[in-house]
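Letter by letter, the chains look like this.
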Amino acid sequence: MTTTDGLFISFEGIDGAGKSTHIDGLAQAFRAQGRAVTLTREPGGTALAEKLRIMVLNDPMDAMTEALLVFAARRDHLQQCIEPALARGDVVLCDRFTDATFAYQGGGRGFDLQLLSIMEQWVQAVRGPEVGFIRQPDLTVWFDLPAEIAAQRLAGARTPDKFEAQPVEFFRRVSDGYLNRMTASPARFARIAADNTRDAVWLDVLQAVQIKGWLP
Ligand code: TYD
């Protein structure tokens, strides 16, 4: 991979795992190397997808509706934001992507994983189904934190949204969902022990990118 190739990195973990500051840190590190960075998030990243995000995070709905809405948001996000950014050669840093759907709707809410796989194949076939190309992150940084510790961190932090208000058992299932995704695609994942000091976590995040040769 040359420095002008676009790079797609996603960040995952249960609510409270502490992704945000490290995503910003990586953006700074890439910019210091002269790379253009697109910082974005899911659900969201486009005007339409941000509207869908508000519904998904606040309105009660069944798990299939939730899955369809996050994948609709993802399709628009890929078309309008991620694919053009990668074509320009940007580093795309995305706070959550499809692994979150397998973890939250699949693991947490118990929705059919095979149906999620079918949606994934449709939505991420960004160059047309005939080519057989499915867009996936080049690297997924998974902030792995025990559900009990995440719950302590979240307690009283702010008014919880629909997912943050879920009980600790829900987040155990979400974590299992992430683990299953990592087991299916180990080369794509960097698992970071997020139950550590912020500095230690940052060094692990940086190293995960350095090992790929994307930062010095
Ligand atoms: P999050 O990324 O944690 O943002 P914030 O830090 O602003 O709360 O919130 C997004 C929530 O959406 C999170 O609880 C996980 C959930 N989510 C899904 O359930 N499915 C998905 O496919 C995605 C991308 C997110």
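What you see is a predicted model; the values in this text were computed from it and never measured. (Residues numbered from 1 in each chain as written. Predicted model: local features only at pLDDT ≥ 70, side-chain atom pairs only at ≥ 80, totals over all residues. Heavy atoms only, no water.)

Once that is clear, we can look at helix α4 (residues 98–108). Most of α4 sits out of view: eleven of its eleven residues are buried. When we look at burial in α4, the residues that qualify are Thr 98, Asp 99, Ala 100, Thr 101, Phe 102, Ala 103, Tyr 104, Gln 105, Gly 106, Gly 107 and Gly 108. In the segment just after α4, Gly 110 is the residue with positive phi, at about 75°. (Buried < 20%, exposed > 50% of the residue type's maximum accessible area, 1.4 Å probe, protein only. Helix = DSSP H or I, 4+ residues; strand = E, 2+ residues; numbered from the N terminus.)

Our next topic: the nonpolar core. The biggest cluster of nonpolar side chains holds 43 residues, and the ones touching the most others in it are Phe 30, Leu 93, Tyr 104 and Phe 143. The residues touching Leu 93, leaving out its near neighbours within four places in the chain, are Ile 9, Phe 11, Ile 23, Leu 26, Ala 27, Phe 30, Val 37, Thr 38, Leu 39 and Thr 40. Formed by 17 residues, the second largest nonpolar core is a distinct cluster that contains Phe 8, Leu 78, Ile 82 and Phe 111. (Core = buried A, V, L, I, M, F, W, Y, C linked by side-chain atoms within 4.5 Å. Contact = heavy atoms within 4.5 Å.)

This part is about the site of the ligand. Around the ligand, the structure places 18 residues, and the nearest of them are Asp 15, Arg 53, Arg 96, Thr 101 and Gln 105. In the model, an oxygen atom of the ligand is placed 3.0 Å from a nitrogen or oxygen of the Asp 15 side chain. Out of a free accessible area of 550 Å², the ligand has 89% covered by protein chains. At the level of elements, α2 (47–58), α3 (63–88) and α4 are the ones that each hand at least two residues to the shell around the ligand. At four residues, the largest contribution of residues to the shell around the ligand is made by α4. Here the shell around the ligand is built from residues that sort into six nonpolar, two polar and ten charged. (Near = heavy atom within 4 Å. Polar contact = N/O pair within 3.5 Å; in protein donor to acceptor, adjacent residues only side chain to side chain. Areas by Shrake-Rupley, 256 points an atom, 1.4 Å probe, with all protein chains shown as cover. Nonpolar A, V, L, I, M, F, W, Y, C, P; charged D, E, K, R; others polar.)

Side chains three or four residues apart in an α-helix point the same way, a direct result of the helix having 3.6 residues per turn. Helix length check: helix α8 (residues 198–210) (13 residues) gives 18 Å between terminal C-alpha atoms against 18 Å at 1.5 Å per residue, within 8%. Where α8 is buried, its residues contact α1 (20–32), β4 (139–144) and β5 (189–193). (Expected span 1.5 Å × (residues − 1).)

This part covers the packing of aromatic side chains. For any pair of aromatic rings, geometry is given as the distance between the ring centres together with the angle between the planes. All chains considered together, the criterion is met by six aromatic pairs. For the pair Tyr 104 and Phe 163, a centre-to-centre distance of 5.6 Å together with 85° between the ring planes defines the contact as edge-to-face. Remark: Phe 163 occurs in the loop between α6 (147–154) and α7 (168–184) and Tyr 104 occurs in helix α4; sequence separation between them is 59 residues. Judged by centre distance (6.4 Å) and plane angle (80°), the rings of Tyr 104 and Phe 171 are edge-to-face. Here the residue Tyr 104 occupies a position in helix α4, and Phe 171 occupies one in helix α7, the gap between them amounting to 67 residues. Of the two residues examined, Tyr 104 and Phe 171, each falls in the buried class. Site record: aromatic cluster; members linked through ring pairs are Tyr 104, Phe 163, Phe 170 and Phe 171. (Phe/Tyr/Trp six-rings, centres within 6.5 Å; stacked < 30°, edge-to-face > 60°.)

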